[in-house]
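Residue-level structure breakdown
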Amino acid sequence: MVFGYSTNAFVKFPLLDSFDRIARLGFKGVEIMCDQPHLYPPEYDKEKLKTVKDGLEKNGLKPTNLNSFTLFAVGDTYLPSWIEPEEDRRKIRVAHTLACLDIAAFIGCGNISIPPGGPLPAGMTRQEALRLFHRGMDQVIPRAEELGVRLLVEPEPDLLMERTSEIKPFVADIQASVVGVNFDIGHFFCAGEDPAAAFEELFPWVGHIHIEDIAPTREHNHLIAGLGAIDFPSVFAAMKRLGYSHDMSLELYPYTDRPEEAGRESLAHLLPMMQAAGLAG
């Protein structure tokens, strides 16, 4: 397992600069934000992607995940989504996902994370939304299978899927080996779950982990590790017991004014617990 740091905390720095800073902190991996101001697919031809690949190699960083969740370049954190009523809007999400899959294959990243549908549109039933989401996934799964890149759905508070009981039947019903879960420890805590228990139930589908702390109120606000209430040792123990072998990335996008300090503090808090659990970081 490689422990990385997401570039979405470094949006005030150019992408390649963020690689340098993340490596200097001691991280061995990096999750790359596939949106402006970082790796937004329409702005990267093969020549520019080669510089990204070279930057990773120069710093000895493994790309742990491509974060294909947000679309600030043309929308916001959640929109365009997989489940909007307008077909043209859904096509934007599909096209973005296909482009991110291609980039992942080019730079040697084994997975991308995608949103769990989106906010439920007014007047749309959950069943209608799930049908639209399945229809969108049907358009990207063949490319993922062709490239050997996993599509990891990330449950998120207040979106179509936020709990174990919602994401588990979705990924199980798809029955595609390239479809799995990006397990955000804090998101499950926000949804009122025990992250360790949720991880154990979803383990067969977990292909990458996001880690951050969350306040005791369970408000969805990513915190530096150690400033919240999450029981990290129990999650690490479950990871070790189950033999988790994929990667994990620290996600601290609220700390864009001090991403290095936030990363350093989180690493200092988490690394001893990971080592105590027998996990390599």
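Residues numbered from 1 in each chain as written. Predicted model: local features only at pLDDT ≥ 70, side-chain atom pairs only at ≥ 80, totals over all residues. Heavy atoms only, no water.

**Quick look at the overall build of the protein**
What the protein contains, in helices and strands, is 9 helices and 8 strands. Since a compact globule built from 281 residues should have a radius of gyration of about 19 Å, the 17 Å found for the protein is in line with a globular shape. Considered along the principal axes of its C-alpha atoms, the protein spans approximately 45 × 45 × 35 Å. Each of the 281 residues in the protein was classed as buried or not, and the buried ones make up 56%. Contacts in the protein between residues far apart in sequence, at least 24 positions, make up 77% of those at least 6 positions apart. Of the charged side chains in the protein, 26 are positive and 40 negative; the average position of the first set lies 4 Å away from that of the second. (Helix = DSSP H or I, 4+ residues; strand = E, 2+ residues; numbered from the N terminus. Rg over C-alpha atoms; globule rule 2.2 N^0.38 Å. Buried < 20%, exposed > 50% of the residue type's maximum accessible area, 1.4 Å probe, protein only. Contact = heavy atoms within 4.5 Å. Lys, Arg positive; Asp, Glu negative; His and termini not counted. Charge placed at Lys NZ, Arg CZ, Asp CG, Glu CD.)

**Observations concerning the environment of G118**
Position of G118 relative to the elements: it lies in the loop between β4 (111-114) and α4 (126-147). Residues G118 and P80 lie 38 residues apart in sequence; the distance between their C-alpha atoms is 8.3 Å. Those residues in contact with G118 that lie beyond four places of it in its chain are S81, I83, L159 and L160.

**With respect to the state of the cysteines**
The final tally for this structure, using the stated rule, is 0 disulfides. In this structure C109 is not part of a disulfide, and its nearest cysteine sulfur, from C34, lies 8.2 Å away. Classification of C109 by relative accessible area gives buried; the value is 3%. (Disulfide = S-S within 2.5 Å.)

**Comments concerning the pattern of salt bridges**
In this structure the tally under the stated criterion is 14 salt bridges. Here R89 makes a salt bridge to E84, at a shortest N to O gap of 3.1 Å. Across the salt bridge formed by D102 and R143, the nearest N and O atoms sit 2.8 Å from each other. Separated by 41 residues along the polypeptide, D102 in helix α3 (residues 87-107) and R143 in helix α4 bring together distant segments of the chain. What makes R143 partly exposed here is its relative accessible area of 26%. (Salt bridge = Lys/Arg side-chain N within 4 Å of Asp/Glu carboxyl O.)

**Topic: unusual backbone geometry**
At the junction of Q36 and P37, the peptide bond is cis and its omega measures out at 10° in the coordinates. Looking at where P37 falls in the secondary structure, it is placed in the loop between β2 (29-33) and α2 (46-59). Between L79 and P80 the backbone carries a cis peptide bond, its omega angle lying at 0°. Tracing the sequence through the fold places P80 in the loop between β3 (62-67) and α3.

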